[in-house]
Amino acid sequence: GMEPVITISHYELPADLVERTGGWKSREFNEAFIRFAQFAIERWHDQVRYWVVINQINLAELLPFETLGLWESEGQNFWQEYYQAIHHQLVACARVKQFAKAYPDCRIGTMNADMSAYPKTPHPDDVIAAMKHNRMNYFYTDVAFRGHYPGYMLRYFEENEIHLDIREGELQLLDENRMDFFGISYYFTLCKDHTCTLRQESTVDNPYLEKTKWGWAIDPKGFYYSLSQYYDRYEVPIFVLENGLGCHDTVENGEIYDDYRIHYLKEHICEMKNAVLDGVEILGYCMWSPLDIVSASSSQMSKRYGLIYVDLDDRGAGSGKRIKKDSFNWYRQVIASNGENLEEE
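Residues numbered from 1 in each chain as written. Predicted model: local features only at pLDDT ≥ 70, side-chain atom pairs only at ≥ 80, totals over all residues. Heavy atoms only, no water.

Asks: How should the pairing of strand β7 (residues 238-243) be read in this particular structure?
Replies: On a regular strand, each side chain points to the face opposite its neighbour's, so the side chains alternate between the two faces of the sheet. Most of β7 sits inside the fold, with six of its six residues counted as buried. Bridge count between strand β5 (residues 181-186) and β7: five bridges; the pairing is parallel. Considered in β7, the bridge of Ser185 is made with Glu242. Taken together, β7, helix α9 (residues 259-277) and strand β8 (residues 282-285) form a β-α-β motif whose crossover is right-handed. (Buried < 20%, exposed > 50% of the residue type's maximum accessible area, 1.4 Å probe, protein only. Helix = DSSP H or I, 4+ residues; strand = E, 2+ residues; numbered from the N terminus. Pairing = 2+ DSSP bridges. Right-handed = clockwise from strand over helix to strand, strands pointing away.)

Asks: Quick question: what am I supposed to make of the packing of α9 against helix α10 (residues 326-336) here?
Replies: When two helices pack together, their arrangement is given by the angle between the helix axes and by the axis-to-axis distance. Where α9 meets α10, the axes come as close as 9 Å, and the angle between the chain directions of the two elements is 25 degrees. Here α10 runs roughly parallel to α9, going by the angle between their axes. Taking contact as the criterion, the partners of Arg261, Ile262, Leu265, Lys266 and Ile269 in α9 are, on α10, Asp326, Ser327, Trp330 and Val334. (Axes fitted to C-alpha atoms, helices over the stretch in contact; angles between N-to-C directions. Parallel < 35°, antiparallel > 145°, perpendicular 65-115°, else oblique. Contact = heavy atoms within 4.5 Å.)

Asks: Explain α9 here, please?
Replies: In an α-helix, one full turn covers 3.6 residues, which means residues spaced three or four apart are oriented alike. For α9, built from 19 residues, the straight-helix expectation of 27 Å at 1.5 Å per residue is met to within 8% by its first-to-last C-alpha distance of 27 Å. Taken residue by residue, α9 has Arg261, Ile262, Tyr264, Leu265, His268, Ile269, Glu271, Met272 and Ala275 as its buried positions. In the segment just after α9, Gly279 is the residue with positive phi, at about 105 degrees. (Expected span 1.5 Å × (residues − 1).)

Asks: Would you mind showing me how to read the side chain of Ser226 here?
Replies: Checked against the element boundaries, Ser226 lands in helix α8 (residues 220-234). A residue is classified by how much of its surface remains accessible, and Ser226, at 0% relative accessible area, is buried.

Asks: Just to check I follow, could you spell out the pattern of salt bridges for this structure?
Replies: Side-chain pairs of opposite charge can arise where the charged atoms are in close proximity. Per the stated rule, a full pass over the model turns up 20 salt bridges. Between Arg199 and Glu61 there is a salt bridge; the shortest N-O distance is 3.0 Å. In this pair, Arg199 sits in the loop between β6 (190-192) and α8 while Glu61 sits in the loop between β2 (50-54) and α3 (64-68), placing the two residues 138 residues apart along the sequence. For Glu61, a relative accessible area of 12% corresponds to the buried category. Among the salt bridges present, the one from Arg167 reaches Asp165, with a minimum N-O distance of 3.1 Å. Relative accessible area serves as the criterion here: at 43%, Arg167 is assigned to the partly exposed category. (Salt bridge = Lys/Arg side-chain N within 4 Å of Asp/Glu carboxyl O.)

Asks: Explain the packing of helix α2 (residues 27-44) against helix α4 (residues 78-100) here, please?
Replies: Running from amino to carboxyl end, α2 crosses α4 at an angle of 30 degrees, the nearest separation of the two axes being 10 Å. Between α2 and α4, the crossing angle belongs to the class labelled roughly parallel. Once α2 is placed against α4, the crossing between them reads as right-handed. Residues Arg27, Asn30, Glu31, Phe33, Ile34, Ala37, Gln38, Ile41 and Glu42 of α2 form the contact with α4, whose own contacting residues are Gln84, His88, Ala92, Arg95, Val96, Phe99 and Ala100. (Left-handed = near helix turned anticlockwise from the far one by under 90°.)

Asks: Sorry if this is basic, but what is going on with the sheet that holds β2 here?
Replies: Neighbouring strands of a sheet are bound in pairs by backbone hydrogen bonds; such pairs are parallel or else antiparallel. Pairing in this open sheet of six strands is parallel, and the strands run β1-β2-β3-β5-β7-β8 from one edge to the other. Strands at the two margins of the open sheet, each flanked by one partner only, are β1 (5-9) and β8. Along the sheet, successive strands turn relative to each other by an average axial angle of 30 degrees, direction set aside. Examined bridge by bridge, strand β3 (residues 107-113) and β5 share five bridges and lie parallel to one another.

Asks: Would you take a moment to explain the packing of aromatic side chains for this structure?
Replies: The geometry of two aromatic rings is summed up by the distance between their centres and the angle between their planes. All told, the structure shown has 32 aromatic pairs when counted by the stated rule. Chaining the aromatic ring pairs together yields one cluster made of Phe78, Trp79, Tyr82, Tyr83, Phe139, Tyr140, Tyr149, Tyr156 and Phe157. Over the ring of Trp79 we find Arg199, and its NZ or CZ is 4.3 Å from the ring centre. Over the ring of Trp216 we find Lys303, and its NZ or CZ is 3.5 Å from the ring centre. (Phe/Tyr/Trp six-rings, centres within 6.5 Å; stacked < 30°, edge-to-face > 60°. Lys NZ or Arg CZ within 6 Å of the ring centre and 35° of its normal.)

Asks: Looking at this structure, I do not really get the side chain of His133. What am I missing?
Replies: Position of His133 relative to the elements: it lies in helix α5 (residues 124-146). Apart from residues no more than four positions distant in its own chain, His133 is found in contact with Met115, Ala117, Leu190, Lys192, Leu198, Arg199 and Gln200.

Asks: Sorry, what's going on with the nonpolar core here?
Replies: In a soluble, globular protein the nonpolar side chains are often hidden away together inside. One finds Trp24, Phe33, Tyr83, Val96, Phe139 and Tyr285 to be the most contacted residues of the largest nonpolar core, which totals 81 residues. Not counting the four nearest positions on each side in its chain, Trp24 is found in contact with Leu13, Phe29, Asn30, Phe33, Ile54, Thr67, Leu68, Ala85, His88, Gln89 and Ala92. Ranked by size, the runner-up nonpolar core spans ten residues in total, among them Leu59, Met115, Leu209 and Tyr305. (Core = buried A, V, L, I, M, F, W, Y, C linked by side-chain atoms within 4.5 Å.)

This is the structure:
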């Protein structure tokens, strides 16, 4: 009775193919990916309804090698190659959607890591800095759901001498094959002021929010804000594909008392339900993650997200033994009640 959701590309580009083609900046790589995606959908379309083409497509700015197979080098016009690669990914999304039309039960989506920013103050310059930051993150899904390149990006390309190789028929393809649903991962919000650049890592501290030990702002109301902004902008169903708390967990007498994780998840689910009351259509909610794994953001096992503790350290040493945390039993009741029972014991 489980509902599988498959992400076709999730930070696992074949190294040999990247070396031979240059990654997503090349059309050869694009064609290889399309063949792979079509094979997967053709084989499993009767078992899988929901397909995410590209994981966290907007995080390519922070993780260009993992997402695009690109890295910056001396003398390289990196941003030219970056946006050409992104164009190829957007075209790939549209081509996957076009192919999947043969299977009416399949729903094709793309995914953003939410990077929404607040202005630090009401000063117009800070408000505009936050707005421009948010638009740069909306860009990927503006194309995927609106079917065309927005004017603010065309201006950005012109002012930064970025010239995309857009082949005949590709803009029509984007317009005629928009995504069916919007997947998001949500962990934090950002804050911008007039001193910040458009880059995702250029931020200032939000003095009103508590942070994790890794500096990620804990902001349940930001979850409501982001879900509302996305739905108001696109009016397409939203699938929450990641939401969770990464932190140090301590084993005490063979138990893990992670009431802080229970509280985090409860507050975020409550804000998601608040958005639903406003009319936001949520397809599903997936917390990250069922068991402890190496964190992609910090390459650490000690940054634990799981409901199940795994006895391994940052160097892979340990017994591998698994222990259910307190959050395991709490989340089991949440699932059983489809989100109705959120009581903290």
